[in-house]
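# Summary of the model geometry
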Amino acid sequence: MSEVAVEYAKLGKGSLPEAFGPDLAAEVYERMETELQPIAGIHDLLDQVTGPRAVASSSAAHRLVRKLEMTGLSKYFDEHVYSGDFVENGKPAPDLFLYSAEKLSVDPAECLVIEDSANGVLAGIAAGMTTWGFIGGGHATSELGERLKDAGAERVFESHAEIAVALR
């Protein structure tokens, strides 16, 4: 049973309606297509990074590619866009980050992971990579920074501008 289904049952509502999952997915996709915007400062940050870079996301590959296209971020990553779809074990396992480092021909110990989830932080650390947390996304709650720190993030940043300064 999913977390959502458990919480719904706690409200005494019984089980989720059968169409809940497909309806939610359709709504999320529609909102993504009409409302998705890049987070402030991401283009400036990526313009500053001169070394190899990749996206390593738990998002489904087709949605990940679409999000990068819509926000104008595709140009920064070329073919180095990797999804949890590409590996057997998703985050918090290190597989996706290790796969990305291999594709970039970079030693994992030389990689910096910037993550917005506790499972992602755990995965980055398990991969032997320097791992920073990011709480500047629209999904971030007031507790996210503490969860990222508790998971082991070396540093936590509220904006891409702060990350840019730290990288200089």
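Right, let's walk through the structure included here. Every residue gets a number counted from 1 within its own chain, in the order that chain's sequence is written. Under the rules for a predicted model, residues below a pLDDT of 70 receive no local features and side-chain atom pairs below 80 are neither given nor counted, while totals for whole chains, interfaces and linings still include all residues. Here the side-chain values reflect all heavy atoms present in the structure, with hydrogen atoms and water set aside.

## A few points about the pairing of strand S4 (residues 130-134)
Under the convention used in this document: Only protein chains enter the area calculation, which uses a 1.4 Å probe; residues under 20% of their type maximum are buried, those over 50% are exposed, and those in between are partly exposed. Only runs of H or I of at least four residues qualify as helices and only runs of E of at least two qualify as strands under DSSP, and these elements are numbered from the N terminus. Orient the strands so they point away from the viewer, and a crossover whose first-strand-to-second-strand path over the helix runs clockwise is right-handed. Strands were regarded as paired on the criterion that DSSP finds at least two bridges between them.
Taking burial as the measure, the 5 residues of S4 include 4 buried ones, the bulk of the element. Between the parallel elements strand S3 (residues 112-115) and S4, the chain passes through helix H6 (residues 118-126) in a crossover that is right-handed. One ladder, built from 3 bridges, connects S4 with strand S5 (residues 155-157); its direction is parallel. Along S5, the bridge assignment pairs Trp132 with Arg155. This β-α-β element, S4 to helix H7 (residues 144-151) to S5, shows right-handed connectivity.

## Quick word on the packing of H6 against H7
Let me state the cut-off plainly: Note on definitions: angles span 0 to 180 degrees between N-to-C directions of axes, and those axes are lines fitted to C-alpha atoms, for helices only across the stretch in contact. The scheme is simple: roughly parallel for angles under 35 degrees, roughly antiparallel for over 145, roughly perpendicular for 65 to 115, oblique for anything else. Put simply, a crossing is left-handed when the front helix is turned counterclockwise from the back one by less than a right angle, and right-handed when it is turned clockwise. Residue contacts are counted whenever heavy atoms from the two residues lie within 4.5 Å of one another. Only Asp, Glu, Lys and Arg are considered charged, only Ala, Val, Leu, Ile, Met, Phe, Trp, Tyr, Cys and Pro nonpolar, and every remaining residue, Gly among them, polar.
It is the contact of H6 with H7, at a shortest axis distance of 8 Å, that shows an interaxial angle of 25°. When the axes of H6 and H7 are compared, the pair comes out roughly parallel. Regarding H6 and H7, the two cross each other, and that crossing is right-handed. Residues Ala118, Val121, Leu122 and Ile125 of H6 lie in contact with H7, whose contacting residues are Arg147, Leu148 and Ala151. Looking at the contact of H6 with H7 residue by residue, the class counts come to 6 nonpolar, no polar and 1 charged.

## With respect to the sheet that holds S5
Across the sheet, which stays open at both edges, the 3 strands sit in the order S3-S4-S5 with parallel pairing between neighbours. Only two strands of the sheet have a single partner each, and these edge strands are S3 and S5. Ignoring strand direction, the axes of neighbouring strands in this sheet form an average angle of 25°. Relative to S4, S3 is paired through 4 bridges, and the arrangement is parallel.

## Observations concerning the environment of Ala164
Among the secondary structure elements, Ala164 is positioned in helix H8 (residues 160-167). What makes Ala164 buried here is its relative accessible area of 7%. Separated by 161 residues in sequence, Ala164 and Glu3 have C-alpha atoms that sit 35 Å apart. Excluding anything up to four places from it in sequence, Ala164 contacts Leu45 and Gln48.

## Some remarks on a nonpolar patch on the surface
What counts, and what does not: For patch building, the residue pool is restricted to those with more than 30% relative accessible area and no salt bridge; the joining distance is 9 Å between like charges and 5 Å between nonpolar side chains (Val, Leu, Ile, Met, Phe, Trp, Tyr). Method for areas: the Shrake-Rupley scheme with a 1.4 Å probe, in which residue coverage is limited to the protein chains shown. Salt bridges are defined by distance alone: a side-chain nitrogen of Lys or Arg within 4 Å of a carboxyl oxygen of Asp or Glu.
A surface patch of nonpolar side chains, about 230 Å² in accessible area, is lined by Phe20, Leu24 and Val28. Relative to the helices and strands, Phe20 resides in helix H2 (residues 20-35). Residue classification places Phe20 among the partly exposed positions, given a relative accessible area of 31%.

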